[in-house]
Amino acid sequence: MLGLQYFSFNDLWSPLILALFLIIAAAYLVLVGPLSEQIKDAEPATAAQKIMFITGLFVLYLAQAGPFNLLGHVMFSFHMVSMAFSYLVAPPLMMKGLPIWVWRKIVRWLPTRQLSFLAHPIVAAVLFNGLFSLYHLPIVHDYVMLNFTVHRLYYIALFITSMLMWWTLLNPLPEGRQASGLSKIGFIFLNMVLLTPACGLIIFAAEPLYQTYSNPAVWAEAMRYCVSGDSTALLRSFGGPAFFNFLSSAKEDQQVGGIVMKFIQEGIFASMLAYVFFQWYRKEKQEDDDDSYPAGGAGGPLNPAAKLMK
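Within every chain, residues take consecutive numbers counted from 1 along the sequence as written. Per-residue local features are limited, in this predicted model, to residues with pLDDT of at least 70; the limit for side-chain atom pairs, both in listing and counting, is 80 or more; totals at the level of whole chains, interfaces and linings are taken over all residues. For the side-chain quantities, the full set of heavy atoms in the structure was used; hydrogens and water were omitted.

**Remarks on the overall build of the protein chain**
Then comes step 1: Within the protein chain one finds 17 helices and zero strands.
Then comes step 2: Seen through its principal axes, the protein chain has C-alpha atoms that stretch 85 × 50 × 40 Å.
Then comes step 3: Any two residues whose heavy atoms approach within 4.5 Å are treated as being in contact. At a minimum sequence separation of 6, the contacts of the protein chain that also span at least 24 residues come to 74%.
Then comes step 4: With residues, only the protein chains shown are counted as cover, and all accessible areas are computed by Shrake-Rupley using a 1.4 Å probe. On the protein chain, roughly 16,600 Å² of surface is accessible, and the fraction owed to carbon and sulfur atoms is 69%.
Then comes step 5: Only four residue types enter the charge count: Lys and Arg as positive, Asp and Glu as negative, with His and the chain ends excluded. In plain terms, the charge of a residue is placed at NZ if it is Lys, CZ if Arg, CG if Asp and CD if Glu. For the protein chain, the distance from the average position of its 19 positive side-chain charges to the average position of its 18 negative side-chain charges is 7 Å. To qualify as a helix, a DSSP run of H or I must reach at least 4 residues; to qualify as a strand, a run of E must reach at least 2; elements of each kind are numbered from the N terminus.

Shown next, in the form of structure tokens:
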């Protein structure tokens, strides 16, 4: 299926990286479980938090070291799915999965005074979407895909900036600066707009943009970083990425990738928009209800004179 049968278990699942992710998952469960009982001001994570963190970690593994990573080197559309999983799905799940006390310790450990400007909503949105858009310029994308160290560093930078971007919407620290409901709605629209040019470039390009997915020699070189053995054997066996492309052409694969990325982004942010609007509406309604009753909570609604005095 999708050509995966032609690759080994090691190529598909990256056992060493899988072991690393399992260690991270085990360390998390110990930290927010038994160990939390021995830490001052710490509380065990809830079942929902554990599910969210482990799910986010699993999604990140699938995208960066599992089958989606391999498929992302074969077809551009799967590359975009991998990007969406890595930076739009995994980060918010993992952030919501960490208890407040863990976040407090992380914030104390970081030089927040020097780096706090990076979490400013506009800065974070521009950083993430700017890095993402820059990465999908053809010359940059092909260079990053062919240089393993640069590839890893760039992906780490994207992950960090995605966390900063999500911080505005999911800030878990009640004592931290919380954006208002209206600000969050504006922030969501800003992110949706900033990613549009890159997706538009990909969707409406007249020809394939990336040598990695259209030039067999470049593709084989890029595959060196996700398959074992001599990647040139892939050329002898399959001739190039077109063998695995179930779409009609590299151009169509590219267009589908751009559409998929934009669709996933729109779906996730539309869901966040609905959630933020509902939370904002509930908060405003609660404040209106509070203004309708005496401070002590007893008695009926205040009369107009009492409201004015209040």
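Now that the structure has been shown, the text picks up again.
**Considering the layout of surface pockets**
Then comes step 1: With a 1 Å grid spanning the protein atoms alone, the term cavity applies to any set of points in which a 1.4 Å probe fits but cannot get out, the term pocket to an open set with protein on both sides within 12 Å along at least five of seven lines, and the term lining residue to any residue with an atom within 4 Å of a point. Grid points are joined across faces, edges and corners, and a volume is the space filled by probe spheres set on the points. Estimated volume of the largest pocket: approximately 1,700 Å³.
Then comes step 2: For the largest pocket, the lining is made up of 46 residues, of which Trp 103, Ile 160, Met 163, Leu 164 and Trp 167 are closest to its centre.
Then comes step 3: Looking at the lining of the largest pocket, the elements with two or more residues in it are α2 (15-31), α3 (47-64), α5 (76-97), α6 (100-109), α7 (112-115), α8 (121-135), α10 (148-170) and α11 (181-194).
Then comes step 4: Looking at side-chain class alone, the lining of the largest pocket contains 34 nonpolar, nine polar and three charged residues.
Then comes step 5: In this model, the second largest pocket occupies a volume close to 560 Å³.
Then comes step 6: Lining of the second largest pocket is provided by 23 residues; of these, Leu 169, Asn 171, Gln 178, Lys 184 and Gln 279 occupy positions nearest its centre. Residues were grouped as follows: Ala, Val, Leu, Ile, Met, Phe, Trp, Tyr, Cys and Pro as nonpolar; Asp, Glu, Lys and Arg as charged; and all remaining residues, including Gly, as polar.

**Examining the pattern of salt bridges**
Pairing between side chains becomes possible if they bear opposite charge and their charged atoms approach one another.
Then comes step 1: The term salt bridge refers to a pairing of a side-chain nitrogen on Lys or Arg with a carboxyl oxygen on Asp or Glu at a separation within 4 Å. Under the criterion given, the structure shown has two salt bridges.
Then comes step 2: For the salt bridge of Arg 224 with Glu 221, the shortest nitrogen-to-oxygen distance reads 3.9 Å.
Then comes step 3: Whether a residue is buried, partly exposed or exposed follows from its accessible area with a 1.4 Å probe, protein chains only, as a fraction of its type maximum: under 20%, in between, or over 50%, in that order. Residue classification places Glu 221 among the partly exposed residues on the basis of a relative accessible area of 34%.
Then comes step 4: Two residues, Lys 262 and Glu 266, come together in a salt bridge whose shortest N-O distance is 3.1 Å. Within this pair, Lys 262 and its partner Glu 266 are both found in helix α16 (residues 250-291), separated by four residues, close to a single helical turn.
Then comes step 5: Glu 266 gets classed as partly exposed once you look at its relative accessible area, which sits at 28%.

**Some points on empty space enclosed by the protein**
Then comes step 1: The tally for this structure, following the rule as stated, stands at three cavities of 30 Å³ or more.
Then comes step 2: Volume-wise, the largest cavity comes out at about 90 Å³.
Then comes step 3: At the level of secondary structure, the elements contributing two or more residues to the lining of the largest cavity comprise α3, α4 (67-74), α5 and α10.
Then comes step 4: Classifying every residue of the lining of the largest cavity gives six nonpolar, seven polar and no charged.
Then comes step 5: Within this model, the second largest cavity holds a volume of roughly 60 Å³.
Then comes step 6: If you go around the second largest cavity, the residues you meet are Asn 69, His 73, Met 145, Phe 148, His 151, Arg 152, Tyr 225 and Cys 226.
Then comes step 7: Among the residues making up the lining of the second largest cavity, the classes are represented as four nonpolar, three polar and one charged.

**Examining the nonpolar core**
Then comes step 1: The biggest cluster of nonpolar side chains holds 60 residues, and the ones touching the most others in it are Trp 166, Leu 169, Met 261 and Phe 269.
Then comes step 2: Among residues more than four places away in sequence, those in contact with Trp 166 are Tyr 87, Leu 88, Pro 91, Pro 92, Met 95, Ile 268, Phe 269 and Met 272.
Then comes step 3: For this analysis, a nonpolar core means a set of buried residues of the types Ala, Val, Leu, Ile, Met, Phe, Trp, Tyr and Cys, connected via side-chain atoms within 4.5 Å. Of all hydrophobic cores here, the second largest spans 16 residues; its members include Leu 12, Leu 71, Ala 220 and Cys 226.

**Side note on the confidence of the model for the protein chain**
Regions with low pLDDT should not have their predicted coordinates read in detail.
Then comes step 1: With 93% of its residues at a pLDDT of at least 70, the protein chain reaches an overall mean of 90.
Then comes step 2: In predicted models, pLDDT denotes the confidence assigned by the predictor to each residue on a 0 to 100 scale. Here residues 302-310 is modelled with pLDDT under 50, and outside its nearest four sequence neighbours on either side it reaches nine contacts, counting other chains as well.

**Description of the packing of aromatic side chains**
Then comes step 1: A pair of aromatic rings is counted whenever rings of Phe, Tyr or Trp (Trp by its six-membered ring) have centres within 6.5 Å, and the orientation is called stacked for planes under 30 degrees apart, edge-to-face for over 60 and tilted otherwise. Scanning the entire structure with this criterion turns up 22 aromatic pairs.
Then comes step 2: Centre to centre, the rings of Tyr 135 and Tyr 155 are 5.7 Å apart; their planes meet at 85°, and the pair counts as edge-to-face. Here Tyr 155 lies in helix α10 and Tyr 135 lies in helix α8, a separation of 20 residues in the sequence. No difference in accessibility class separates Tyr 135 from Tyr 155, as the two residues are buried.
Then comes step 3: Ring-pair connections join several aromatic residues into one group, and the members of that group are Tyr 6, Phe 7, Trp 219, Phe 238, Phe 243 and Phe 244.

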